[in-house]
Amino acid sequence: MDSNKGPGVQPNIDLEAFGLIAGEKAEVLGNGVHRPKVMLLFPPNWTPTMPHLALPTLAAYLRQSGVEVIQRDLNVEVFDEILSRRYLTGSLARLRRIQKESKAPAAPGHRQMARPERASPDRISWALEEGPRLAKQVERAKAGIRSSAFYDGPIGLELLSTLLDCLEIANLPFYPASLHFQGYDAAGPSDNSRFLLHGVADDQHNMFLDIYRRLLLPDIVRERPDVVGISIPSMAQLLPGLTAAYLVKEAGLDCHVTVGGPHVSMLRAQLPDAPAIFDLIDSAIVFDGEVPLLQLAKAVAAEESLADIPNLVYKDGNRILVNARKEPEKIANLPIPDFDGLPLDRYLAPELALPLLTARGCYFGKCAFCNVGYGEPESFSQLRAHQLADQMLELHEKYGVKHIFFSDEAVTPRNLRDLSKIMRQRPETMHWGGCVRFEKVISGQLLEDMQAGGCRMILFGLESASAAIIDHMIKGTQLPHMSRILKESSTAGIWNHTFFFFGFPGETIEDAQETVNFLYQHKPHIHSAAMGTFLMERDSPAHKYPESFGVKRVIEDPSKDLAIYFDFEVSAGMSEQMAEMVHDKFLESLPPKRYPQFYISDVYRFLYASHLSERHLPHPPWLVPEDGVVR
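Everything quoted here is computed from the prediction, not taken from an experiment.

Q: Outline the overall build of the protein chain, supporting the account with residue identities and numerical values.
A: Within the protein chain, the secondary structure is distributed over 20 helices and 20 strands. Here the protein chain has a C-alpha radius of gyration of 25 Å; the compact-globule value for 631 residues is 25 Å, and the two agree. Considered along the principal axes of its C-alpha atoms, the protein chain spans approximately 70 × 70 × 55 Å. When the 631 residues of the protein chain are sorted by exposure, 57% land in the buried category. Within the protein chain, contacts between residues at least 6 apart in sequence are counted, and of these 78% link residues at least 24 apart. Of the roughly 26,400 Å² of accessible surface on the protein chain, a fraction of 51% belongs to carbon and sulfur atoms.

Here it is, written out as structure tokens:
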């Protein structure tokens, strides 16, 4: 069936130019059907300090079912490529051409054409002046970040500063697009399908085109997968992910391109109304993807219909079809994530950390600001503590990892209690951390047991310290327990990280001040924080039922046909603009950190907390000046 293989574009790729001829399809099984082969891609940008779970989870499920899987973390590959002397030398050459063109006068007798938007001359001059020195240092800086030198404050800061400067130089030729540790800013709106269709082919602003053509496309030609699966958990990854899809289609390669991940699930209703996106892809898998991707691989390999594959949105001729949903897969039915094939030595961290899930979904699942179920009835399933411990120890034995980061929405108190007891009795030293709710049952004794069982960092969803706003956002936490738990966790020797934001609908300046007061009242017990302003996210309760939360109007921009965030107007309280002002003023008031490199990602904070604990050193409070005294 032609729709299984894409739009049937004639190949315009010269295989001999790649120095190879396409390989054979995978081994033939019974009845002439060959063993399916899938190549999984994880595009930039995600913090390049630890693998994401998406590919290892899918790879494990497919491999246990006999599918050949190649998994590529393009995110870390791209960072590794960009942060190299060879690449930076090329960036500097491109900047010299840009500088020369910007100074060149218009040819006599020719109408002056508008020049493309470029980075400021000052930044280009800085790059050309400092670039040769930085290019010579970049490989040493990468190696240093991947070693214990990272933990040495002055040295680690110098190493990271070098990498950040090198990233800026690599970005300048593609201005205003910018790849950085915390995200990727495309040259246009990634929630606009017209921009995406242009941006995937825009050599002037899309840095991934050249990199993928050199590092990815020849491997797809060589491996000849039946399916190329691209995981897109976030909006920042949409353009980089679709760029890979575009190159496959541009080359006319004989494989089915599918996309999936949380961001795709959030856009499940919008994709059929943006059919041009299916010029880049053949299908999209929404929600959990293990069973649909397995069935898709088998169907494509056998050239069978896609009509019965659950959770699939796909192109059939000129139509976009949407298949029925399946019941969410229980986490206990899934194998342990398989990291084989990922470049575990190339992540930009001093020690290997690997992610795991203790559960799928959120056991609370009511917060008005969160779209954890993407608008569908919440489904929650969790592993038992002994299963978690077995997975942790298996990863330790297989990969030598000593740090496990639980990527859950929130680990249940039951698993915190039982896992701590199990890990205390194991001879292997393993450290772990993850998100925890401020539940009444989280006692001082439990926190001490958790620390003794290897817990080194907890990420708490504080959100607000105004009792009225906590109730309004249906957070389900109470200030007395929030206060007690922070103190008891800190006393137990656990690093406390908090999330909070300003501007939930109805929040006043006075409510925001209560949050600030709470933070300063607990400054000895808070070691780091992530702050922001409220985002109206698609399918969150606040988005689905705006009137219930004091939202007068949700503003939808017709040009943003793939939007997942929306502006809004409130009936009372701070506007979006006022919340941004409060956020910025608070940010300006924070005491500077002497060594900020320890705080720029969850993985760095986690590893730093473990490093300090192993050396019986105190955790520095977040809101206390470096030379200050905790009062």
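Q: Would you mind going over the packing of aromatic side chains in detail, with residue names and values included?
A: One pass over the structure, following the stated rule, counts 28 aromatic pairs. Summarising the aromatic geometry, the rings of Phe150 and Tyr151 are spaced 5.7 Å apart at their centres and angled 75° between planes, so their arrangement reads as edge-to-face. Take Tyr151: its relative accessible area is 11%, and that puts it in the buried class. Overall, Phe150 belongs to the buried group, its relative accessible area being 0%. Cluster of aromatic residues (ring-pair linked, three or more members): Phe150, Tyr151, Trp495, Tyr595, Phe598, Tyr599, Tyr604 and Tyr608.

Q: Now, about the side chain of Asn75: what can you tell me, with residues and values included?
A: Looking at where Asn75 falls in the secondary structure, it is placed in helix α2 (residues 74-82). Those residues in contact with Asn75, other than ones at most four positions away along the chain, are Phe42, Pro43, Pro44, Asn45, Trp46, Thr47 and Pro48.

Q: Just give me the short version of the sheet that holds strand β8 (residues 312-316), but keep the residues and values in it.
A: Pairing is mixed across the open sheet formed by 7 strands, whose spatial order is β2-β1-β5-β6-β7-β8-β9. This sheet does not close on itself; its edge strands, each paired only once, are β2 (68-73) and β9 (319-322). Across the sheet, the mean angle from the axis of one strand to that of its neighbour is 20°, orientation sign disregarded. Relative to the sheet, helix α1 (residues 54-64) contacts β1 (37-42), β2 and β5 (227-231), its axis offset from that of β2 by approximately 175°. Most of the contacts of α2 go to β2, to which it runs at about 45°, and overall it touches β1 and β2.

Q: Hey, could you go over the pairing of strand β10 (residues 353-356) for me, with residue numbers and the actual values?
A: The two faces of β10 match: Ala353 and Pro355 on one face and Leu354 and Leu356 on the other face are all buried. As paired elements, β10 and strand β13 (residues 403-406) share 4 bridges and run parallel to each other. Along β13, the bridge assignment pairs Leu356 with Phe406.

Q: Go over the packing of helix α7 (residues 208-215) against helix α9 (residues 238-250), please, and point to the residues and values.
A: Running from N to C, α7 and α9 point in directions that differ by 55°, and their axes come no closer than 10 Å. With respect to their mutual orientation, α7 and α9 come out oblique. Note that α7 runs across α9; the crossing there is right-handed. Note on element contacts: α9 touches α7 through Pro240, Thr243, Ala244, Tyr246, Leu247 and Glu250, opposite Phe208, Leu209, Tyr212 and Arg213. Here the contact of α7 with α9 is built from residues that sort into 7 nonpolar, 1 polar and 2 charged.

Analysis parameters
Residues numbered from 1 in each chain as written. Predicted model: local features only at pLDDT ≥ 70, side-chain atom pairs only at ≥ 80, totals over all residues. Heavy atoms only, no water. Helix = DSSP H or I, 4+ residues; strand = E, 2+ residues; numbered from the N terminus. Rg over C-alpha atoms; globule rule 2.2 N^0.38 Å. Buried < 20%, exposed > 50% of the residue type's maximum accessible area, 1.4 Å probe, protein only. Contact = heavy atoms within 4.5 Å. Areas by Shrake-Rupley, 256 points an atom, 1.4 Å probe, with all protein chains shown as cover. Phe/Tyr/Trp six-rings, centres within 6.5 Å; stacked < 30°, edge-to-face > 60°. Pairing = 2+ DSSP bridges. Axes fitted to C-alpha atoms, helices over the stretch in contact; angles between N-to-C directions. Parallel < 35°, antiparallel > 145°, perpendicular 65-115°, else oblique. Left-handed = near helix turned anticlockwise from the far one by under 90°. Nonpolar A, V, L, I, M, F, W, Y, C, P; charged D, E, K, R; others polar.

By themselves, these figures tell us nothing about what the structure is for.
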